[in-house]
Amino acid sequence: MTIDSAANAWPLKRRVTLIGALVNLVLAVAKVIGGILAQSQALIVDGVHSLSDLASDVLVLFAARYGSLDADHNHPYGHARIETLATLAVGVVLLAVAAGFLLDASSRLLLGQDMIVPGQLALWVALGSVLAKEAMFHATRRVARRTGSSLMLANAWHHRSDALSSLVVIVGVGGAMLGLIWFDALAAAIVALMLAWVAWKLLAGASLELVDTGLSRKELAVMAATIDGVAGVRGFQDLRTRLMGGQVLVDVQILVDGQITVAEADLVADQVRQALIEQLPGRADITIGIRPAGYNRAP
Ligand SMILES: [Zn+2]
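Please read all numbers here as calculations on a predicted model, not as lab measurements. (Residues numbered from 1 in each chain as written. Predicted model: local features only at pLDDT ≥ 70, side-chain atom pairs only at ≥ 80, totals over all residues.)

K.L.:
So what about the overall build of the protein chain? Which residues, and what values?
P.N.:
Scanning the protein chain from terminus to terminus reveals nine helices and three strands. The order of helices and strands in the protein chain, counted from the N terminus, is α-α-α-α-α-α-α-α-β-β-α-β. Relative to its full complement of 299 residues, the protein chain shows a buried share of 34%. Excluding contacts between residues fewer than 6 apart, the proportion of contacts in the protein chain whose partners are at least 24 apart in sequence is 71%. (Helix = DSSP H or I, 4+ residues; strand = E, 2+ residues; numbered from the N terminus. Buried ≥ 20, exposed ≤ 12 C-beta atoms within 10 Å, placed from the backbone. Contact = placed C-beta atoms within 7 Å.)

Listed below in structure tokens is the structure:
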């Protein structure tokens, strides 16, 4: 895949992301209002989850629009970390909300207070959510397969986990209606835990990126093989990577024959750059230095 095809895939990805955002907006409103009217805590928590999904959709679209803004005089590496910072903020808020719901649901369970049997409306809204989310799973997975995008595939599986969350609500509300009155609070606790897990993943990913965590050893080994495979490369030193809003920043010093001309060495460096870009289509920012092979720089 080339960068070109990645750019061409964007309208397709944007459309399915926009539809997903719209579905999340409708679901968030329907669940929170339905949850309040039908007095189902589980459905309200699920609604807040949909609201957080909407926030991350907006982040994805925002990042695609502003995170990809060109570098300017005071942001020479571009603006991609704006997305990271926003993700961190969403993660913090989400974790706090999930903790609040979990505390509330578990105190209801333990103390047995405020147990109300939810109305049928809660069941219908949750059923609608399962169907809508399952449909989004299939639509998004189709786009992921057509574009070869792992981000889209991750989004698709997120839709399916949302469907699962609403399924828990159905079981909770249904159980409470059948006489197991504590089932709704139990479902609320489970859905809150699922929400906390989403928040944790957002927080962990963004924090690792902000402290300049590099790629995994496995990914580095693939990268090393790519560099070594380029004709004219006699080895390399100081391979360093870090992430920035979905982009991989790479620094590396390649070793070349000390007798070739600077122009020839620059050509080798350019081929290394091309090879790495092909390995990381559309998401690599590469800086390459050139050193003569056998040269040992003083520490
Ligand atoms: Zn979700």
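K.L.:
I'd like a description of the confidence of the model for the protein chain, backed by residues and values.
P.N.:
Averaged over the protein chain, the pLDDT score is 84; the fraction of residues at 70 or greater is 90%. In this model residues 1-7 is a low-confidence stretch, pLDDT under 50, and it forms nine contacts with partners more than four residues away in sequence or in other chains. (pLDDT = per-residue confidence, 0-100.)

K.L.:
An account of the environment of glycine 128 is needed here, citing residue identities and associated values.
P.N.:
Among the structural elements, glycine 128 can be located in helix α5 (residues 120-147). Residue glycine 128 is classed as partly exposed on the basis of its 16 C-beta neighbours within 10 Å. Along the chain, glycine 128 and serine 166 lie 38 residues apart, while their C-alpha atoms are 9.0 Å from each other.

K.L.:
Outline the sheet that holds strand β2 (residues 247-256), supporting the account with residue identities and numerical values.
P.N.:
One open sheet holds the three strands; their spatial order is β1-β2-β3, and the pairing between them is mixed. Whereas interior strands pair on both sides, the edge strands pair on one side only; in this sheet they are β1 (236-244) and β3 (284-292). Strand-to-strand twist in this sheet, taken as the mean axis angle between neighbours without regard to direction, amounts to 10 degrees. One ladder, built from seven bridges, connects β1 with β2; its direction is antiparallel. Bridge pairing in β2 places arginine 240 opposite aspartate 251. Running at roughly 130 degrees to β1, helix α8 (residues 217-228) makes contact with β1 and β2 of the sheet. (Pairing = 2+ DSSP bridges. Axes fitted to C-alpha atoms, helices over the stretch in contact; angles between N-to-C directions.)

K.L.:
An account of α5 is needed here, citing residue identities and associated values.
P.N.:
When the terminal C-alpha atoms of α5 are compared, their 41 Å separation across 28 residues agrees well with the 40 Å that a helix rising 1.5 Å per residue should span. The set of residues buried in α5 consists of Ala122, Leu123, Val125, Ala126, Ser129, Ala132, Lys133, Met136, Phe137, Thr140, Ala144 and Thr147. (Expected span 1.5 Å × (residues − 1).)

K.L.:
Give a detailed account of unusual backbone geometry, specifying residues and quantitative values.
P.N.:
Positive phi values are uncommon outside glycine, yet aspartate 212 reaches one of about 55 degrees. Of note in this structure, aspartate 238 is not a glycine but carries a positive phi near 55 degrees. Among the secondary structure elements, aspartate 238 is positioned in strand β1. Using a count of 11 C-beta atoms within 10 Å as the deciding quantity, one classes aspartate 238 as exposed.

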